[in-house]
Amino acid sequence: MKSGFVAVAGKPNVGKSTLINALMKKKVVIVSDKPQTTRNRINCVLTTPEAQVVLVDTPGIHKPLHKFGEYMVKIAVNALKGQDLILFLIDPIDKVRESDLNIARIIKESKIPAILIINKIDAATPEQINEAKNRIKTVLDENSNIVAEFEISALTGHNLTELLQKIIEVLPEGPQYYPEDMTTDRPLAFMISEIVREKIFHLTSQEIPHSTAVVVEEIKDKEDLVYIRAEIYVERQSQKGIIIGQKGRMIKKIGMLARKDLEILLDDKIYLDLYVKVKDKWRQKDSIILNTIGMK
Ligand code: GDP
Ligand code: MG
Ligand code: K
């Protein structure tokens, strides 16, 4: 069986959600009867008799790079690194802009196989399509990780069967990751935990060991904000004291700074709920950690 994680990347309005929805309709075995599962940051599992494709909406790589701290770019690249394939969408009507080129640079740096997708060809002129291709290829040249190129219309379905075939062809042999109607927030949880960790180490300097783990327990898309609950696991009571700080000042600061970065990444208001725990129970959590930080 072919299986893997497929990141769907591209700037806002390029057609990511439309494509995910259209691909989900092509699946032979229906794993979810809720068509709206592609909204927001919930990912889709597409299971056919020969393959399982986990479509992952990639958060946080569509921002101008200057808005990012350097470590955030690293996190974006690392989050992609958990993926087996990237679908990179561009929109020839809106033209290829600096934001597209930024995403292209991150994709190139990730070295993951990627399929370049020129979307909206039902509405674009041949000149617009050519111009978009030429411009994106200033970054994604022959030496890059682009393994295929498709002109599609996510709206009308043009070329989607061929695209899906190619996706399955490129994916590695692998297990069926999900038995049935499962969703994952792997890359997002990974980013959140890395950002919270960065704030902890930044604010507490030497006092907190790098074995400290942040486990994202809950991500909920609510009407007007994203609610995130994460647990920070330390080894000793004294470390818990340091992270919480006097009158909770340190944990507040960690939370505030992490929230600011997350709001930039996710383009949403964030409510970040942080808890500090001593590691006792932490061993049992190993499997959860592996899932959340995207290791295989
Ligand atoms: P996202 O922000 O990348 O998820 O983009 P969406 O999927 O929400 O699409 C943004 C807009 O582009 C919507 O109005 C879609 O209907 C439109 N759109 C998406 N794909 C196509 C396409 O292939 N052709 C045309 N003409 N419009 C499209
Ligand atoms: Mg969308
Ligand atoms: K995600």
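Everything here concerns the structure above.
Residues numbered from 1 in each chain as written. Chains lettered and ligands numbered in written order. Predicted model: local features only at pLDDT ≥ 70, side-chain atom pairs only at ≥ 80, totals over all residues. Heavy atoms only, no water.

### Structural notes on the overall build of the chain
Then comes step 1: For the chain, the helix and strand inventory stands at 9 helices and 9 strands.
Then comes step 2: Classification of the 296 residues of the chain by burial places 52% in the buried group.
Then comes step 3: Sequence separation of 24 or more characterises 74% of the internal contacts of the chain that already satisfy a separation of 6 or more.
Then comes step 4: Carbon together with sulfur atoms contributes 50% to the accessible area of the chain, which is approximately 14,300 Å² in total. (Helix = DSSP H or I, 4+ residues; strand = E, 2+ residues; numbered from the N terminus. Buried < 20%, exposed > 50% of the residue type's maximum accessible area, 1.4 Å probe, protein only. Contact = heavy atoms within 4.5 Å. Areas by Shrake-Rupley, 256 points an atom, 1.4 Å probe, with all protein chains shown as cover.)

### Thoughts on the side chain of threonine 204
Then comes step 1: If you trace the backbone, threonine 204 turns up in helix H6 (residues 186-204).
Then comes step 2: For threonine 204, a relative accessible area of 1% corresponds to the buried category.
Then comes step 3: Only 2.7 Å separates the side chain of threonine 204 from the backbone oxygen of isoleucine 200, close enough to count as a polar contact.
Then comes step 4: With sequence-adjacent residues up to four places away left out, threonine 204 is seen in contact with Ile242 and Met250. (Polar contact = N/O pair within 3.5 Å; in protein donor to acceptor, adjacent residues only side chain to side chain.)

### Describing the nonpolar core
Then comes step 1: Residues Phe88, Ile136, Val196, Ile200, Ile232 and Ile243 are the most contacted members of the largest nonpolar core, which totals 56 residues.
Then comes step 2: Per-element tally for this core: the top contributor is H6, with 9 residues.
Then comes step 3: The contact partners of isoleucine 136, leaving out residues within four places of it in the chain, are Phe88, Ile90, Val96, Asp100, Leu101, Ala104 and Leu116. (Core = buried A, V, L, I, M, F, W, Y, C linked by side-chain atoms within 4.5 Å.)

### Some words on the site of ligand 1
Then comes step 1: In the vicinity of ligand 1, 15 residues are found, and the nearest of them are Asn13, Lys16, Ser17, Thr18 and Asp122.
Then comes step 2: Lysine 16 places a polar main-chain atom, nitrogen or oxygen, 2.8 Å from an oxygen atom of ligand 1.
Then comes step 3: Between ligand 1 and the protein, one listed contact pairs an oxygen atom with a side-chain N or O atom of serine 153 at 3.1 Å.
Then comes step 4: Partitioning the shell around ligand 1 into residue classes produces 5 nonpolar, 6 polar and 4 charged. (Near = heavy atom within 4 Å. Nonpolar A, V, L, I, M, F, W, Y, C, P; charged D, E, K, R; others polar.)

### Quick look at the sheet that holds strand S7 (residues 213-221)
Then comes step 1: With respect to topology, 3 strands assemble into an open sheet ordered S7-S8-S9, the strand pairing being mixed. Strand pairing shows two members of the sheet lacking a second neighbour, S7 and strand S9 (270-278), which therefore form its edges. Between one strand and the next, the sheet's axes are offset by a mean angle of 15 degrees, whatever the strand orientation.
Then comes step 2: Where S7 meets strand S8 (residues 226-234), 8 bridges bridge the pair, whose relative direction is antiparallel. Within the sheet, the bridge partner assigned to valine 214 lies in S8 and is isoleucine 232. (Pairing = 2+ DSSP bridges. Axes fitted to C-alpha atoms, helices over the stretch in contact; angles between N-to-C directions.)

### Brief notes about the environment of serine 193
Then comes step 1: Mapping serine 193 onto the fold places it in helix H6.
Then comes step 2: Along the backbone, serine 193 and alanine 258 are 65 residues apart, and their C-alpha atoms lie at a distance of 9.5 Å.

### Re unusual backbone geometry
Then comes step 1: One non-glycine residue, lysine 95, adopts positive backbone phi at about 75 degrees.
Then comes step 2: With respect to the helices and strands, the residue lysine 95 is situated in the loop between strand S4 (85-90) and helix H3 (98-110).
Then comes step 3: Even without glycine at this site, lysine 247 takes up a positive phi of about 55 degrees.
Then comes step 4: Along the chain, lysine 247 turns up in the loop between helix H7 (237-244) and helix H8 (249-266).
Then comes step 5: On the basis of relative accessible area, lysine 247 is assigned to the exposed category, the value being 76%.

### Focus on the environment of lysine 133
Then comes step 1: Tracing the sequence through the fold places lysine 133 in helix H4 (residues 126-136).
Then comes step 2: Given a relative accessible area of 16%, lysine 133 falls into the buried group.
Then comes step 3: As for lysine 133 and isoleucine 118, which are separated by 15 residues in sequence, their C-alpha atoms are 7.8 Å apart.

### A closer look at helix H5 (residues 160-170)
Then comes step 1: Taken together, the buried positions of H5 are occupied by Leu160, Leu163, Leu164, Ile167 and Ile168. Looking straight down H5, one finds its buried side chains confined to an arc of 135 degrees; they lie on one side. Residues Gln165 and Glu169 are exposed on H5 and point more than 90 degrees away from its buried face. (Arc of directions from axis to C-beta.)

### Notes on H3
Then comes step 1: Compared with the 18 Å implied by 1.5 Å per residue over 13 residues, the 18 Å span of H3 between its first and last C-alpha is a close match.
Then comes step 2: Taken residue by residue, H3 has Asp100, Leu101, Asn102, Ile103, Ala104, Ile106, Ile107 and Ser110 as its buried positions. (Expected span 1.5 Å × (residues − 1).)

### A few points about the side chain of threonine 212
Then comes step 1: Mapping threonine 212 onto the fold places it in the loop between H6 and S7.
Then comes step 2: Apart from residues lying up to four places away in sequence, threonine 212 is in contact with Arg197, Phe201, Ile232, Tyr233 and Val234.

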